[in-house]
Amino acid sequence: MKDFADKVCMCALNTVMGYNPVEGRKLVDWFGTAEAVFGASPEEIDECVPGNRALTGQIGISALEKAEKDLGKAAACGARFITQEDDDYPSLLLECPDAPLGIFFRSVSSPSEVFEMRTGVAVVGTRDLSPYGKEWTRKLTLALTETETPPVVVSGLAFGADIIAHEAALERGVPTVGVMATGVDTVYPWQHSRTAGKMATTPLCALVTDYPPGTAPVALNFMRRNRIIAGLSRAVIVTESRKKGGSLLTARYANEYCRDVYALPGKADDVRSEGCNSLIRFSMAEIITDPYDLVGRIGLKLPRRGKSPVFRDIVRRTYALHPDVEQIVACAELISANRGINADELCRNMGLPYASVASLTATLEGDGFVKADLLGRYSIIAR
């Protein structure tokens, strides 16, 4: 029961000092155990971390009662609480000076299997990715999955780059970890519940958070989530980021933790690439120019492979017997060279009526070569 009592105390302390993990760790080291912290007087606690009475005043019986309930709620949804005192706390995260005192972990595999068998690589970006960003996020994630020992793909379950990275990893059977800005019992956004459920039930995948069950997705929570994404990763890849985007914050944490950061350059006047271009400009990230060059720089090995067939040639071979093969190839090449091109622009470039272009794009979409977003902008699908 002593181990459980200390687990409850550590859980309570993690909740109270969640935004001050450095001082939370200082309290545990000062008193010897988390249980001893809760046995100390307010004056003794204030002597250790002076000037924090607003927080440390919450260290008491009510915090312990809540923590015991939180552990029960976590267990009910298949999760467990891992503390810094446990052998299976992620060693990479433990290297960070502001690592959380504990994390809630939901998986069918053990923490050691998820975090210690492979390196972690984060793939992050803005929520409203451009067609260019979507294509490259998937392309870069797929390159990671093609290495001899694929890494754990780490991201934050958000719209945009995060969910593309998670789903590409799952599609290729590669481990992926979702770091949540909510309690482990709540998926945000709810539209990603199915993907999160698959991650929680797929071997070597996991859901992670340092927030107790029942925590809502308020804006401030995402800062702590971004810190953990960087902490669990040897390298961070940023595909698109606004000037003040959360991905930029993840990259800054990664720099603080002496992790490698890579950024995809974008158009000079595209607000969705301002963050990436800034990271590159100020030498806070290395530039990404090729997916396979990137994985080599990260230190991952690619299996020996022949020269990849050109996209144009794949399309031509697929439709070799189609009566409109040349027009299909021309349409595919235009989309490949002009991400985000719409039907009207295709009509002007090809000199064809709308009905003909609609037929060509429908053919390419049906066979998984291209896709259109809600605004009718076309981009190729990484293969």
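Before reading further, recall that the structure is shown in the block above.
The text that follows walks through the structure, step by step, so that each part is easy to find.

Procedures and definitions
Residues numbered from 1 in each chain as written. Predicted model: local features only at pLDDT ≥ 70, side-chain atom pairs only at ≥ 80, totals over all residues. Heavy atoms only, no water. Helix = DSSP H or I, 4+ residues; strand = E, 2+ residues; numbered from the N terminus. Buried < 20%, exposed > 50% of the residue type's maximum accessible area, 1.4 Å probe, protein only. Contact = heavy atoms within 4.5 Å. Areas by Shrake-Rupley, 256 points an atom, 1.4 Å probe, with all protein chains shown as cover. Axes fitted to C-alpha atoms, helices over the stretch in contact; angles between N-to-C directions. Parallel < 35°, antiparallel > 145°, perpendicular 65-115°, else oblique.

Below, the discussion takes up the overall build of the protein chain. Counting its regular elements, the protein chain contains 19 helices and 11 strands. Going through the 383 residues of the protein chain one by one, you find that 52% of them count as buried. Here the contacts in the protein chain between residues at least 6 apart in sequence split such that 69% fall between residues at least 24 apart. A total accessible area of about 17,400 Å² is found for the protein chain, and carbon and sulfur atoms account for 53% of it.

In this structure, Pro189 follows Tyr188 across a cis peptide bond, with omega equal to -5°. Its location among the elements puts Pro189 in the loop between β5 (176–179) and α11 (193–201). Not every positive phi belongs to a glycine, and Cys258 is a case in point at roughly 60°. Residues other than glycine seldom take positive phi values, yet Ser283 does so here, at roughly 60°. Of note, Ser283 is situated in the loop between α14 (274–281) and β9 (286–287).

Here the focus is the packing of helix α17 (residues 325–337) against helix α19 (residues 354–366). Contact geometry of α17 with α19 gives a least axis separation of 10 Å together with a crossing angle of 75°. When the axes of α17 and α19 are compared, the pair comes out roughly perpendicular. Contacts between α17 and α19 involve Gln327, Ile328, Cys331, Ala332 and Ile335 on the former and, on the latter, Leu360, Thr361, Thr363 and Leu364.

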